[in-house]
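What the coordinates show
For reference, the chains in residue letters:
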Amino acid sequence: MPDGPLDAGLALAPHKRGSGDPTWRQTGDGAVWRTSRTPGGPATLRVSVEAGAVHGQAWGPGAEWALESMPAMLGALDDPSGFSVRHDVLAEAVRRHPGLRIGRTGRVMEALVPAVLEQKVVGREAWRAWRWLLSHYGEPAPGPAPEGMRVVPEPVVWRQIPTWHWHRAGAEAVRARTIANAAWHADKLEAAATTQELDRLLRALPGIGVWTSAEVRQRAFGDPDAVSVGDFHLAKLVGYALTGEKTDDAGMLRLLEPYQGHRHRATVLVWLTGLRPPARGPRMPARDYRAF
């Protein structure tokens, strides 16, 4: 496990895609359940914290791999030693969240598919599509997992989903093609040795740019410097938290320059400040491609 305090909930939260995510649940006892398609096969992992100690249980063909990789997922390989806080609001966030760690799953496709579904749409729309696809194509979670939990499909399944089912899920043709094409290259993507190599491989694929690559590498490799440039909200939040004024991507990158090597870590802390610019218009509605 990581040295020092650990907030398991914060480490696992980035892998949750909406309140009804079939791959992620938190039960009344505080335990987090998460499914994964490991190199050994499907697995269900239960992570709990009791008396300050982290405990893991796993079921399925990939159970051993899931337990062995659990420390990395909780941030055991995260090294924040080079991170130096330059803003008071971030120093306060560090004080309030000393257990923040950036974990890594080592699994690319299970981070890539929902990231592509989230391209250029509101979260509710993407999460609805994710739930629909998992309910129809995911495998039931092994072990005594909470009802309705599913394991992400194998790459071959993503390649074979018919057009009308992407439509039923609410994903238009561009995102569907991006996912299906990436699935053809899944073995190469999963075998990437470094975050830099994965970035190069991902951005060589049609439909995958800087934002999607960063979102995947944050989760699969725990990259503390992968900034989600192009995010609809992030630049505004960073600008407002650090200067009191909203900014754009270029302005965000200038503000994050002192945190080079840990820019993603800095943006996570920005989220944790709770500072948000005043809303000046209606929220973007979730579209429903199924009605088009």
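- An unreviewed UniProt entry lists the chain under the name DNA-3-methyladenine glycosylase 2 family protein, with Nonomuraea zeae given as the organism.

1. What about helix α4 (residues 109-117)?
- In terms of burial, α4 is largely enclosed, as nine of its nine residues are buried.
- Among all positions in α4, only M109, E110, A111, L112, V113, P114, A115, V116 and L117 are buried.

2. Things to note about the environment of R25
- Structurally, the position occupied by R25 is in strand β1 (residues 24-26).
- Of the residues examined, R25 reaches a relative accessible area of 23% and is grouped as partly exposed.
- For the pair R25 and A193, spaced 168 residues apart in sequence, the C-alpha separation works out to 30 Å.
- Apart from the residues lying within four places of it in its own chain, the contact partners of R25 are A31, V32, W33, P146, E147, G148 and M149.
- Here E147 takes part through its backbone oxygen, which lies 2.9 Å from a polar atom of the side chain of R25.

3. What to know about the pattern of salt bridges
- Considering all chains together, one arrives at 15 salt bridges under this definition.
- E139 serves as the salt-bridge partner of R37, at 2.5 Å between the closest nitrogen and oxygen. Note that R37 is positioned in strand β2 (residues 32-38) and E139 in strand β5 (residues 139-140), a separation of 102 residues in sequence.
- We classify R37 as buried; its relative accessible area is 12%.
- D78 is the salt-bridge partner of R265, the closest N and O atoms lying 2.8 Å from each other. Taken together, the residues span a long stretch of sequence, with R265 in helix α14 (residues 263-273) and D78 in the loop between α2 (63-73) and α3 (88-96) at a distance of 187 residues.
- Relative accessible area serves as the criterion here: at 12%, D78 is assigned to the buried category.
- Salt bridges linked by common partners bring D199, R203, R217 and D223 together as one network.

What counts, and where the lines are drawn
- Residues numbered from 1 in each chain as written.
- Predicted model: local features only at pLDDT ≥ 70, side-chain atom pairs only at ≥ 80, totals over all residues.
- Heavy atoms only, no water.
- Buried < 20%, exposed > 50% of the residue type's maximum accessible area, 1.4 Å probe, protein only.
- Helix = DSSP H or I, 4+ residues; strand = E, 2+ residues; numbered from the N terminus.
- Contact = heavy atoms within 4.5 Å.
- Polar contact = N/O pair within 3.5 Å; in protein donor to acceptor, adjacent residues only side chain to side chain.
- Salt bridge = Lys/Arg side-chain N within 4 Å of Asp/Glu carboxyl O.

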